[in-house]
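So you can see what is in the structure, the chains are spelled out below.
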Amino acid sequence: MEVKTSLLDNMIGVGDMVLLEPLSEDSFIDNLRKRFDHNEIYTYIGSVVISINPYRSLPIYTPDKVEEYRNRNFYELSPHIYALADEAYRSLRDQDKDQCILITGESGAGKTEASKLVMSYVAAVCGKGQEVNKVKEQLLQSNPVLEAFGNAKTVRNDNSSRFGKYMDIEFDFKGDPLGGVISNYLLEKSRVVKQPRGERNFHVFYQLLSGASDDTLKKLKLERDFSKYNYLSLDSAAVNGLDDAANFRTVRNAMQIVGFMEDEMQSVLELVAAVLKLGNIEFKPESRCNGTDESRVKDKNDLKEMCELLGIEQSVLERAFSYRTVEAKMEKVSTTLNVSQAYYARDALAKNLYSRLFSWLVTRINESIKAQAKTRHKVMGVLDIYGFEIFEDNSFEQFIINYCNEKLQQIFIELTLREEQEEYVREGIEWTNIEYFNNAVICDLIENNQNGILAMLDEECLRPGTVTDETFLDKLNTVCAEHQHFESRLSKNSKFLTDHSLPHNCFRIQHYAGKVLYRVEGFMDKNNDLLYRDLSQAMYKANHSLIKQLFPEGNPAKVNLKRPPTAGFQFRASVGTFSFLMMLQTFPADSSSCGGIQSPRQKSLPHFHRLFWSVIKRVPGLMETEGERAGYAFRQTYEPCLERYKMLCKRTWPHWRGPAREGVEVLMTDLQVPPEEFSYGRSKIFIRNPRTLFFLEERRKQCLEDLATLIQKIYRGWKCRTHFLLLKQSQITVSAWYRRYAQQKKYKRIKSATTLVQSYTRGWQARKLLRELKYQKRCKEAVTTISAYWHGTQVRREYRKFFRANAGKKIYDFVIQRIVSRTRAPSLHVPIDRSWPSRPHLFLDDAHTELRRIFHLWRVSYPTQPVYEEKLEASEIFKDKKALYPSSVSQPFKGDYLEITKNPKYQKLNNVVEEKVLMADVVNKINRANGKGTARIFLLTKKNVVLADQKTGQVKASVPLPDLTSVSVSTQSDGFFALKLKEGTASAVKGDFLLSSEHLIEIITKLHRAGTTAADVEQLNIDISDEFLVQFKQDKVCVKFIQGAPKNGSGVSCKRKNNRLLEVSVPTTAATS
């Protein structure tokens, strides 16, 4: 079994400075040095973790280490940043408390790496799942993107963060990450245009030139050679241990994981390339005729390529570099820019373009990683802020960075010492006040709205007249001369007049971490950070998808004449509105700190003590150990304390009826906790030593295990009883079903035997009956045979009398049949077939010719005789009476136009009609209401006229032929006809039928023939007239036919004129045709 290392087991030095005896500067430094020499880089001061950067890899961040510190108490194992991250995560997950982790220290102390270690640990110990893993991956992959655009190599750090970052990671109630929000503060944008000796520009420039493909560089109009670009320092372009090409591929992959689209990544690279091109633009002076100097671009090739990348007209941007337009109320004044002003405008544009691109990247990442759920989230904040910087040459950037650290120190003091001591007083705890240095006076020196250094810097920048860095220093010497933390050789304070370590163009501030000398040169320009309006408007005119978003103030419709805020004012505002400050002030007891110290890299060991003491003082709160040791490690109000630990005492479990404080007192007394280990306040209990808290937590854990065992026991008993009852019920059900099955099987066996006996008995009876029936049948057949022979004999006797009268026809049919069957006779059904068998003998030539002629005449008349008869009858009825008749002569009468017997669509209708169909066609039934027709199927049999629906085949009307009295048609070329029914018949209830058909002649002819051939049908009258009456139910309507011109190309039309008249218009052409 693996034995975990405790804070006190095999400890090298003292793991927690609170336990250090005696506490002094020497013992403090010696303890840190001793632990550092044994690769123990982490040390506690209460809840603060000190980290000393070893500048080499140590095997203390493996997955095994993550599991080792998972769900362990803060002081249970050796000091480690994983312990701090685990404590914060468990407090957030288990106690529903928002957390904040402050990571601070000087430049190069490893703050960025510490923040990544915290995030990687939280990602490793939280939940799993497809969606959760996606969120974790996006949160982790946001770091490479921000590092590429916001980090750079400095003299102290190869990957120094040149911006402040605060990340809020949001979790759900289970402790799974939902998303996050990143806030950034003061990107060091001056690095874009100028880097100190031995330092580089931001990583992304070198990564792009080293790692991008040749095709990408060609599209961006770039070359791989760093020396081609003025904004890139060459003395430290290559850094040992940094693979810019591999890092570029990592950044591209990270941007894809975070959620950047391909066109967005291309737009970002185009802006980065534009910044490089912008640095290559150089200017030359030119003199105008009025004596003023102006600038012109030397080589316009870089300007042209930059304009092509951003989609800007070259002339617009070139003019913006040469002229400046100043607006005052209703006036505009355009002035020329000299060479130095043009270079200032170029650098200002480059700085603004890059810093706004960085802010857009942060916003775009926030859109991807923000939590989608709208429920309340638990938040863990990780603050990675600038470290305190003291260089040989300190300028405006170091001034505001150190100001940020002063504010951080002030907040730390407020929340750890002053707030804690005030709480002891409020709660009535006996407490000896501990004196500490409050750096509020230094913060006031810098940020005071009246006489603060930043306020005077803004005032100088806005003051009309000649304003320089020297005038600003003179003003500081006048206003701040008597301040105890301000030093200047030109001030009124005489003690600095002979201080040769203080140059004339510098001032010195006594910070909490020591004195820092600031060179005043460049303060005015860097604070102004002024981007001319002409450049903003030129950028807004770009066709690039991203540029318009970055320069909204360039919109001519939204011109703002107010001067933009200075860099110092913006930074002071951002510091004042830190989101992490609000969290810390709201949850002062739920914050953790991690202080970083830079190790003595390339320094000799004799200087270890002096060097460490100088850097330790720069880490906020590290030397306030006395307050941590004298105070209380844990405090909690009585109600939640009792609720959490009441299970440890039988008197308080499960319910305590009295006041919460009395319950806590009973609990602590029953647990026999030494009185010196805790104190009772007015509303809270204070526990001095973390070991007491560990003791309570361990007892609670054991009690929870006992309770869990009890619950498991009860649950298992209930589960077993339930399972037994279920088994019992199942056994009863199975038995019942089995008995039923057995009885059914027995019944079926008995039934089968009975059926078998019955079948044999019935078979014997049936065979006996069959023999009797067969005998009777043979008797009947014998009688029938005898009777048939007798009747045949009688019939033949009678037939002989009439044989001669019928013998001729029978012989003729027999001969014809034999001839057809034995000779190759011509077809009987093809009139045009002229073939005829050859004569057998020459003397039969005349008989052969005559027989051939007679046969062909007979063949023509025999099969087509009914057709000719119908045509002849149609001629008798309609010739010279109906204009439509001539066109029907050449048309054969087909009869069944619908092929009703073959078409499956009319199978149902064919089954209804029992007789042979003489005529089948589609007609239109005319509606008396509007004269419009409805398609109907018209069927004519030997006995009936049937009208059926064309779509469904349903019979709508069936009229027996005897019920028809007459048919009325017009003399013109229309197809209308009326079927008139006998009054009083069942068919005449709905009245006569007015129909229209394209085969009118054939329909009337077949109707007439059907009436003629039927024995029980009277002769059908055919009435041919242009005006006749039709009976519709109770009314008689006159149908009148007139000639008229065709309308819209249509033929015959029927219209209702009134209730008694239907008018059928027949086109003149149709009528005369």
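Sequence order as written defines residue numbering, which begins from 1 separately in each chain. Side-chain atom pairs in this predicted model are given and counted only at pLDDT of 80 or more, local residue features only at pLDDT of at least 70, and totals for whole chains, interfaces and linings cover all residues. For the side-chain quantities, the full set of heavy atoms in the structure was used; hydrogens and water were omitted.

- Per an unreviewed UniProt entry, the protein chain carries the name Unconventional myosin-Ib and comes from Neogobius melanostomus.
- Turning to the protein chain, the UniProt annotation filed under Sequence similarities (unreviewed entry) states: "Belongs to the TRAFAC class myosin-kinesin ATPase superfamily. Myosin family." UniProt positions are given in the numbering used here, feature names are shortened, and annotations may be inferred rather than shown by experiment.

## Here we look at the overall build of the protein chain
Inference 1: Secondary structure summary: the protein chain contains 32 helices and 31 strands in total.
Inference 2: Exposure classes here rest on a 1.4 Å probe applied to the protein chains alone. A residue is buried below 20% of its type maximum, exposed above 50%, and partly exposed in between. By the burial criterion, 47% of the 1073 residues in the protein chain qualify as buried.
Inference 3: The contact definition used throughout considers only heavy atoms, calling two residues in contact when any of these lie within 4.5 Å. Long-range contacts, defined as pairs at least 24 residues apart, comprise 63% of the intrachain contacts of the protein chain with a sequence gap of at least 6. Each helix corresponds to a stretch of at least 4 residues labelled H or I by DSSP, and each strand to a stretch of at least 2 residues labelled E; elements are numbered beginning at the N terminus.

## Let's talk about helix 25 (residues 660-671)
Inference 1: By this rule the span expected of a helix is its residue count minus one, scaled by 1.5 Å. Taking 1.5 Å per residue, 12 residues should reach 16 Å; helix 25 reaches 17 Å between its end C-alpha atoms and fits that length.
Inference 2: A positive phi of about 60° marks Q672, the residue just after helix 25.

## Looking at the sheet that holds strand 19 (residues 684-687)
Inference 1: Spatially, 17-19-18 is the arrangement adopted by the three strands of the open sheet, whose pairing is antiparallel. Bordering the open sheet on either side are strand 17 (634-637) and strand 18 (678-680), each of which pairs with just one other strand. On average, each strand axis in the sheet is inclined to that of its neighbour by 15°, with strand direction left out of account.
Inference 2: Two elements, strand 18 and strand 19, share three bridges in a ladder whose sense is antiparallel. The residue bridging Y680 from the neighbouring strand is I685, located in strand 19.
Inference 3: Each of strand 17, strand 18 and strand 19 touches helix 24 (residues 638-645); the most contacted strand, strand 17, lies at about 100° to it.
Inference 4: Only the stretch in contact is used when fitting a helix axis, every axis being a line fitted to C-alpha atoms; angles between N-to-C directions are given from 0 to 180 degrees. The strands touched by helix 25 within the sheet are strand 18 and strand 19, with strand 18 carrying the most contacts at an inclination of about 155°. Two strands form a pair only when DSSP identifies at least two bridges running between them.

## Details of the sheet that holds strand 30 (residues 1053-1058)
Inference 1: The strand order across the open sheet built from four strands is 28-29-31-30, with neighbouring strands paired in mixed fashion. The open sheet has two edge strands, strand 28 (1027-1032) and strand 30, and neither has a second partner. Averaged over all pairs of adjacent strands, the angle between their axes in this sheet comes to 30°, without regard to strand direction.
Inference 2: Across seven bridges, strand 29 (residues 1035-1044) lies against strand 31 (residues 1061-1067) in parallel orientation. Directly across from C1038, in strand 31, lies its bridge partner L1061.

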